[in-house]
Amino acid sequence: MVETLSRALREQPQGALCVAYSGGPDSTALLHALAQLPEAHARGLRALHVDHRLHPDSHAWAEHCRQLAQEWGVACLVLRVDVDHARGYGLEAAARDARYRAFAASLQKGERLLLAHHRDDQAETVLLKLLRGAGPEGLGGMRQTRRLGDGVLWRPLIDTPRDVLRRYVEQHQLPTIDDPSNNDARLSRNFLRHDILPRLGQHWPQAVDSIVHSASLHRAASEALAHQWRAEQARLLDTANGSLEASGWLALSPALRHPLLDDWLHSRGLPAPTTAQREQIERQCVARDGQLPCIRWPGAEVHVWKGRLWALPPQPVIDPQWQAIWQGEPLALPDGGSLMLDPPARLATPLIVRLRRGGEHLRPAGDPHTRELRDLFQQSGMPPWRRSACPLFFAEGELVGVGDRWFSAQGMALLGEARPRWQPAW
């Protein structure tokens, strides 16, 4: 295995190396083997261990990894994360999401994060994707390399059988962590690993090889399709606001439409929808004027507005009664956005900042008419999902300003030379 990794390092572009080290048998074999290679140390070999804090012994596991890596001459950084699966994620997906976010945030520019995924992991992944109704991209399995944060995720052992890694651990008598969750058959991957794949192997000894071969064919098909849908994406995408033309997307064949949507969402840091959610988006693309469809799933929501698709992270529930006294200092808004004065100043007369409650109206400076706030929003083209989070400015109970767009004559006088700068959360 050491020779396999040495050859892989020679074939990969130069860059720092970092191993995702859980302490389990596979990542232990990977890190130990790399630690035997001077060329790996020359590339700044280090390790990252993610403490999910889901097990009472997780802190001890983290210390085990740190000490063992140190014995092998490798620095190990422990990343502690919060796993949030209260919004519809399963535990597996939530832990994976937290882990990869931590990895992405920790990678240096151009650094390669090495994962110990192997041939048997690939077969499990393809079966999981098949059972979830995936297309060519999903059935292509895990890519050997892909971008992650400022670096690159790399699976140098993706063609290596699990038995090779386990024999390496036994041969070198390496201590490993036994995470009991890896034996929990209620988790999908564990059920496939411990119950289904062994049975398939009894009847079809070549099952793993056949599944992996099928994955390579799907990957080739996916790459061929990608040339087409990426060209369509460039045509349909508004790079200024990140929205996608709904009718043009809907007119594509499913083979192009589905991966285009998934890539568009992933590029915005959002998860892809299920088949049912994708079909709902397709149905809502032809919504009548005046309707404001929103399709939500854990981790994302897609709005259909003005003939385009708009993707956002889940919007927080905002207390409509929220308000604050403001004199120009940086102010955190309840949706995660922010407010400040530009240029920085301190208002002589404090203003009340609150959110829309309905029925507000304003006479913009220089306008002979008083306008309903609803009409101002519509005429300006402000997206509906931003309107409920737009800061409103009041002086003595009267609306004198709206976000960074409209101010009454009184509002202009109170602000002087400065103007509010509103930064929405998304």
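Not measured: the values here are computed from a predicted model.

Some words on a positive patch on the surface
In step 1: On the surface, a cluster of positive charge is made up of Arg96, Lys129, Arg132 and Arg146.
In step 2: Within the secondary structure, Lys129 sits in helix H6 (residues 119–131).
In step 3: Overall, Lys129 belongs to the partly exposed group, its relative accessible area being 34%.

Describing the sheet that holds strand S14 (residues 351–354)
In step 1: Sheet architecture is open: five strands sit in the order S11-S14-S17-S18-S19, paired in antiparallel fashion. Strands with a single pairing partner mark the edges of an open sheet, and in this sheet they are strand S11 (323–326) and strand S19 (406–407).
In step 2: Pairing of strand S18 (residues 398–402) with S19 involves two bridges; the strand directions are antiparallel. From the neighbouring strand, Val402 faces S19, where its bridge partner is Trp406.

A look at the side chain of Glu282
In step 1: Take Glu282: it is sitting in helix H13 (residues 275–284).
In step 2: A relative accessible area of 15% means that Glu282 is categorised as buried.
In step 3: The residues contacting Glu282, other than those within four sequence positions of it, are Trp249, Leu250, Arg257 and His258.

Looking at the UniProt feature "binding site: ATP" (unreviewed entry) in the chain
In step 1: Per the UniProt entry, the sites bearing "binding site: ATP" (unreviewed entry) are Ser22, Gly23, Gly24, Pro25, Asp26 and Ser27 in this numbering.
In step 2: Assignment of secondary structure puts Gly24 in the loop between strand S1 (17–20) and helix H2 (25–35).
In step 3: Ignoring anything within four residues of it in the chain, the contact list for Gly24 reads Thr176 and Ile177.
In step 4: As for its position among the elements, Ser27 is in helix H2.
In step 5: Filtering out sequence-adjacent residues up to four positions away, Ser27 remains in contact with Ala20, Tyr21, Ser22 and Ala116.
In step 6: For Ser27, the side chain forms a polar contact with the main-chain nitrogen of Ser22, separated by 3.1 Å.

About the criteria used
- Residues numbered from 1 in each chain as written.
- Predicted model: local features only at pLDDT ≥ 70, side-chain atom pairs only at ≥ 80, totals over all residues.
- Heavy atoms only, no water.
- Patch = residues over 30% accessible without salt bridge, like charges linked within 9 Å, V, L, I, M, F, W, Y side chains within 5 Å.
- Areas by Shrake-Rupley, 256 points an atom, 1.4 Å probe, with all protein chains shown as cover.
- Salt bridge = Lys/Arg side-chain N within 4 Å of Asp/Glu carboxyl O.
- Lys, Arg positive; Asp, Glu negative; His and termini not counted.
- Charge placed at Lys NZ, Arg CZ, Asp CG, Glu CD.
- Helix = DSSP H or I, 4+ residues; strand = E, 2+ residues; numbered from the N terminus.
- Buried < 20%, exposed > 50% of the residue type's maximum accessible area, 1.4 Å probe, protein only.
- Pairing = 2+ DSSP bridges.
- Contact = heavy atoms within 4.5 Å.
- UniProt positions renumbered as here; feature names shortened; annotations may be inferred.
- Polar contact = N/O pair within 3.5 Å; in protein donor to acceptor, adjacent residues only side chain to side chain.

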